Every structure is written in C-alpha cells, then in structure tokens.
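Topology and contacts: notes
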Amino acid sequence: MKNERKRTFLLITIPILALFICFNTIPLIRGVIYSFTNFKGFGKYNWVGFRNYIDLFSDARVGRSYWFTFKLAVVTTVVVNVISLLLALALNSKIRAKSFFRGAYFLPNILGSLVVGYIFNYFFTYILPAVADMIGIDSLRTSILSNPDAAWIGIMIVCAWQAIAMNTIIYISGLQTVPEDVYEAGGLDGATGWKQFKYLTFPLIIPFFSINMVLCVKNFLMVFDQIMALTKGGPAQSTESISYLIYNNGMSGGQFGFQSANAVVFFIVIVVVSVAQMKFSGKKEEQL
Amino acid sequence: MTNIKSNKSALVVLILGLSTIVFPLYLTIVIAFKQPSEMTNSIDGILSLPKVWSLDNFREAMEITNFWHSLGNSLLITLLTVGLSILLHSLMGYALGRNKAHSKFYSFVYLFIVSGMFVPFAILMMPLAKQTAEMGLANWFGVVLLYMVFYMPMNVLLYSGYLVNIPMALEEAAKVDGASTWRTYWKIIFPIMRPMHATVAVLTALAVWNDVMTPLVIMAGSDQNTLPLAQLNFQSQFGTNYNLAFASYLLSLIPILIFYIICQKQILNGVVNGAVK
C-alpha cells in the first residue's frame, strides 16, 4: 500500500522533472558553456576561456545597457509605487462606483505590452509634439523618443502605465486586510491624514509593499517588449535594455558567445537582487 | 464631515486619473476608423471623430496580418498551455507538496524547480532557439512545451502552497476505502483545488496571450504567427499607414478585452491570489 503511494509519486515527478530539466536546466548549462566560446550562432567555434567576461566589463555598449536598465528599473519602481499607493487609498475609500473604478484601473495590465507600446509610440511621436506646439513648449516639439537624453522617460511612462494597474490591485488587497477598528482606535489618539497613513496604514501593509517591490524590480530589469515597440534600443543606443541587447546582438548580430556571457552575468545579477530584496523585506517584516 | 470631503477629492482624482487610461484607447479607436486623408498634422485632425465609421481598415488589416490565422494560433497556444498547466502543474504541486516535508529528494526537486523563477528568459533564449530547432520544435508546439516549463515554478509554488490547507485525513479516508493514490488525487484532491485552478488559469492565460519574446525567438523561422507577433511583423512592413496599423492593434486587443469584461471578477481575484501567495 505504502509502496503504491511512493511509486505513484515517483511516476508523476520523474517525467515532469525531465521536461523541466530538458527545457530549463540543459539550456541554462548550454548557455554557460557557450559563454566560454567565440560562437557566432552558426559554424565552427573555439574555446576562449574568460575572454568574453573580460571583454564584457570593458564593453561600453554593455555598460550603457546596464546603466539604462537599472536607471529605468529604479525610477519606474519608485514612480509606480507612489502612484499605485495613492490610487489604492482613493479606490479603497468610500466612493461611488467603486467596482467600476477598480475594474477600469486594472485594464492596462491585461493589454499586450507590445501593442500598448505601439500606441504610445504614436502618442509620443505625433500627439505630444502637436500639443507642445500649440501651447508653446519648445523642448517637447520633437518626439521625446528621438532624443537620446529623454527617450528613457517615454519608456518609463509606458512601463509605469501598465505596472500601476497591477500594483494598485495588490495595494488594495493589502488595505482591505487593515481592520476598520484600527483606524477608529487611531482616530481617538489623534492619528488622521498623513499621520494615520504613516503610523497605522503603511506598517500594516508592508508585506504588500514588499511584494510590489520585488515584482516591479524583477519585471523592469527584464524589460523587452516596450523597448521593441518604442525605440528598438535607439536613439544612439541610449535605450538598449540588457534583454534587448542580448536578443539583438546574440540572435542576429553574430555575438552568440559574447552575449551568452552577458546573459550569465545578467542571471547572476537577477539572483543577487532578488535574494537581497527578500532578505531585506524579511527583516523589515520581522521588526514589526 | 471631513470624511465626506476627502472622499469627494478621491473621486475627482480617480476621474482625472481615468482619463490617462481612456485617452490612449480613444486614440486607438478613432485612428483605427479614419482614412489617411483625414489625418492632418494638427491635433484636432488626429483626435476628431472619423467622418464615416467604416470597417474597411479592419478588413484590410485582417487580410494583411492574416488575423484569423494568428488568432487561431494564439488561442490554440493559450488554451493548450492553460489546460496542460492545470493538469500537470497541479500533479507536480501535489507530489512535491505532500512529500517535501519528509523526503530529501522531493524537497530538493521542489527547491530546484521553484528556483527556476530566477532564471531570466534572456539566458535561455539563445540555447533554446538552437535546441528547439535541432529537435524540430521550432513551432507552436515547442512554444507550448516551453511555457509548460517557464510557468512551472510559479504554478508548482501556488499549488503546493494551497495543498497545505487540505487535510491528509481526506486522502487517508479514501485509502481505507481501497482507492489508489492516483484515483484519490483525481477524485478528491484535484476538485478541491479548484480555486487554485482558477488562479493558475488566469495568470497563465494572461502571460501566454500577451507574450512576445518566446514566439519571436522560437517561431520566427516558421510562417506561423501569434497575435502579438503579427503586430510586430506588421509594424516592420506597413508601419507608416497608421490607420491600418491602429485597426490591427485594436483587432488584437479586442479578444482580451472581451475576456476581461466577461471574467473581470475572476481575473482580479486570480491576479491578487497569485501575487500575494
């Protein structure tokens, strides 16, 4: 009887684990192996040891893509969380048509980010300059997407537009866990408005804050669709995210081996950032 | 008194905020219906309502992007992935969830799979493009297999987390009645996990439906398209005819919008459950 149970579990686990190893572990290992070669994606290749890794750290284009990606991830995370939190507070207050508003504010999240990117591309290229022309703001008369110093802001806005929907919903579910009598008790002690938020509401929804932080940073570090739809890495390679660079130069630019090394470093970066975030938020929750 | 006031200001903020969501959609709709001759460079040329509400743009966009074909592929890939995820990931979640506490092997497998969450697609992309081509899987079926692997960490985590709340006593009672583990699972455990099936279905469906990168990398060589991929190809070929392009964007958004309007509650619940657990 006991053996039957054991056998069944093994028969379930082994094939599914095999599938996972075949399409996750093996390609991961192959990626690491390629990173030590000068493979172009086709033809013969040689071992080059740590050459790719050494080149990686002196490659200006790779450096720029890391700077761009982290800048985008940090700024977008802050913007998204501030706006989401405000929206969640508004959506959780006693208002009319609450469920309509909640439904409407979540809408951007279900739309495909590529198509959303194309729509915003048009907005930045034609609408915004036309509006700027009308009210006379010189700096916005040309598309921000063609300005190497400002294109990242356009990408930030599109990423935020979709991510805010998601984070707001998570904050709302956090706010709903705060019992009404906490506010009543706080109100007696004179905690209202900002004070109420800072000392009562926010500490109670810190777990949800952590979830949003982890979600945001991870998603934005891997940003790809928005780049594809808005700038294709331009102008002057100023908006190449790490994923985009690996895709672009690795798949069709003949840098299969070199970009594999980039991908390995990127993988390590993602793991370090995620683990650090979890450690940090774990500590914060413990203190409460 | 202060309460009523703050709620009113909340309402004003929400209505203003809503315009940032409505405006891009409005833009998409009016441009999709207009003719190129109606598009002037001035702002009201772009934003005014079309003179005639004609479906010509949609008809043409459908033809150029082979819309029904892409829609069929997207539906096939999404439905198959969701169905297989519910069947296989729940089984895996069950096997691992029930054994990881007392078996080193299962707790290792559990950690091994769940840590797959940290593996970015960027590192798998190039080897997978090669591997799927070698295996003859550079097609929609290969994409489904990959999704089964990519979403396994998240779904196994969700299922085995949910399993903690299901008492062992239920299974033991079935065992006393002589049912096999396999039968017990499908008769008792699988139906009980229904709320989690809904969450998994929503999360997997949204992610798969909108994904660009996997089909782009895997199916690029085949003449098959998914809806997002069709937009990408369309953009590189006919990007300058904005009316046609926007008709095509709108077409690709309509299926998911309908799905959202019908299942809004389930989707919101699913997304929150998935994120919070």
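The next point concerns the overall build of chain A. The number of helices and strands found in chain A is twelve helices and zero strands. Here the C-alpha radius of gyration of chain A, 24 Å, is well above what a compact globule of 288 residues would show, namely 19 Å. Overall size of chain A, expressed as C-alpha extent along the three principal axes, is 80 × 75 × 35 Å. When burial is assessed residue by residue, chain A has 54% of its 288 residues classed as buried. Here the contacts in chain A between residues at least 6 apart in sequence split such that 71% fall between residues at least 24 apart. Of the accessible surface of chain A, which amounts to about 13400 Å², a share of 66% is contributed by carbon and sulfur atoms. Within chain A, the 14 negative side-chain charges are centred at a point lying 9 Å from the centre of the 23 positive side-chain charges.

Scanning chain B for helices and strands turns up 14 helices and zero strands. Along chain B, helices and strands appear, N-terminal first, in the series α-α-α-α-α-α-α-α-α-α-α-α-α-α. Projecting the C-alpha coordinates of chain B onto the three principal axes gives extents of approximately 75 × 70 × 35 Å. Split into buried and exposed, the 277 residues of chain B put 53% on the buried side. The contacts of chain B with a sequence gap of at least 6 include a subset with a gap of at least 24, amounting to 72%.

What follows covers the interface of chain A and chain B. On the side of chain B, 91 residues touch chain A, which itself brings 87 residues to the contact. For the chain A face of the interface with chain B, the top three residues by lost area are Phe23, Ile110 and Tyr122 of chain A, together amounting to 10%. Here chain A is connected to chain B by two salt bridges. Measuring nitrogen to oxygen at the nearest pair gives 3.2 Å for the salt bridge that ties Arg5 of chain A to Glu171 of chain B. Inspection of the region where chain A meets chain B yields 14 residue pairs in polar contact (both at pLDDT 80 or more). For the side of chain A that touches chain B, the element with the highest residue contribution is helix H1 (residues 2-34) of chain A, accounting for 24 residues. Its residues assigned to classes, the side of chain A that touches chain B shows 63 nonpolar, 16 polar and eight charged.

All names here are of chain A. Overall, the coordinates contain zero disulfides over all chains when judged by the stated rule. Here Cys216 stays free of any disulfide, with the sulfur of Cys159 as its closest cysteine sulfur at 10 Å. With relative accessibility at 2%, the residue Cys216 sits in the buried group.

Let us now look at the domain arrangement of chain B. Residues and elements named next belong to chain B. Examined at the domain level, chain B breaks down into domain 1 (2-53) and domain 2 (58-276). Look at where the C-alpha atoms of domain 1 and domain 2 centre, and you get two points 33 Å apart. Listed per partner, the contact involves ten residues of domain 1 and seven residues of domain 2. Taken together, the two surfaces of domain 1 and domain 2 that pack against each other cover about 730 Å², and 77% of this comes from carbon and sulfur. On the domain 1 side of the contact with domain 2, Thr28, Ile31 and Ala32 bury the most area, a combined 57% of that side's loss. Scanning the region where domain 1 abuts domain 2 turns up zero salt bridges. The interface formed by domain 1 and domain 2 includes two residue pairs in polar contact (both at pLDDT 80 or more). Of the residues contributing to the side of domain 1 that touches domain 2, the split by class is seven nonpolar, two polar and one charged.

Another point: the environment of Thr40 of chain B. All names here are of chain B. With respect to the helices, strands and loops of the structure, Thr40 is situated in the loop between helix H1 (2-33) and helix H2 (43-47). Taking the C-alpha atoms as reference, Thr40 lies 21 Å from Gln235; in sequence the two are 195 residues apart. Those residues in contact with Thr40 that lie beyond four places of it in its chain are Gly45 and Ile46.

A separate point is the side chain of Thr13 of chain A. Turning to its location among the elements, Thr13 of chain A is positioned in helix H1. Polar contacts involving the side chain of Thr13 of chain A include one to the main-chain carbonyl oxygen of Phe9 of chain A, which spans 2.7 Å. Other than its neighbours up to four places away in sequence, Thr13 of chain A contacts Met92, Ala95, Leu96, Tyr106 and Val109 of chain B.

What counts and how
Residues numbered from 1 in each chain as written. Chains lettered and ligands numbered in written order. Predicted model: local features only at pLDDT ≥ 70, side-chain atom pairs only at ≥ 80, totals over all residues. Heavy atoms only, no water. Helix = DSSP H or I, 4+ residues; strand = E, 2+ residues; numbered from the N terminus. Rg over C-alpha atoms; globule rule 2.2 N^0.38 Å. Buried < 20%, exposed > 50% of the residue type's maximum accessible area, 1.4 Å probe, protein only. Contact = heavy atoms within 4.5 Å. Areas by Shrake-Rupley, 256 points an atom, 1.4 Å probe, with all protein chains shown as cover. Lys, Arg positive; Asp, Glu negative; His and termini not counted. Charge placed at Lys NZ, Arg CZ, Asp CG, Glu CD. Buried area = accessible area lost by both parts, 1.4 Å probe. Salt bridge = Lys/Arg side-chain N within 4 Å of Asp/Glu carboxyl O. Polar contact = N/O pair within 3.5 Å; in protein donor to acceptor, adjacent residues only side chain to side chain. Nonpolar A, V, L, I, M, F, W, Y, C, P; charged D, E, K, R; others polar. Disulfide = S-S within 2.5 Å. Domains from an automatic or database assignment.

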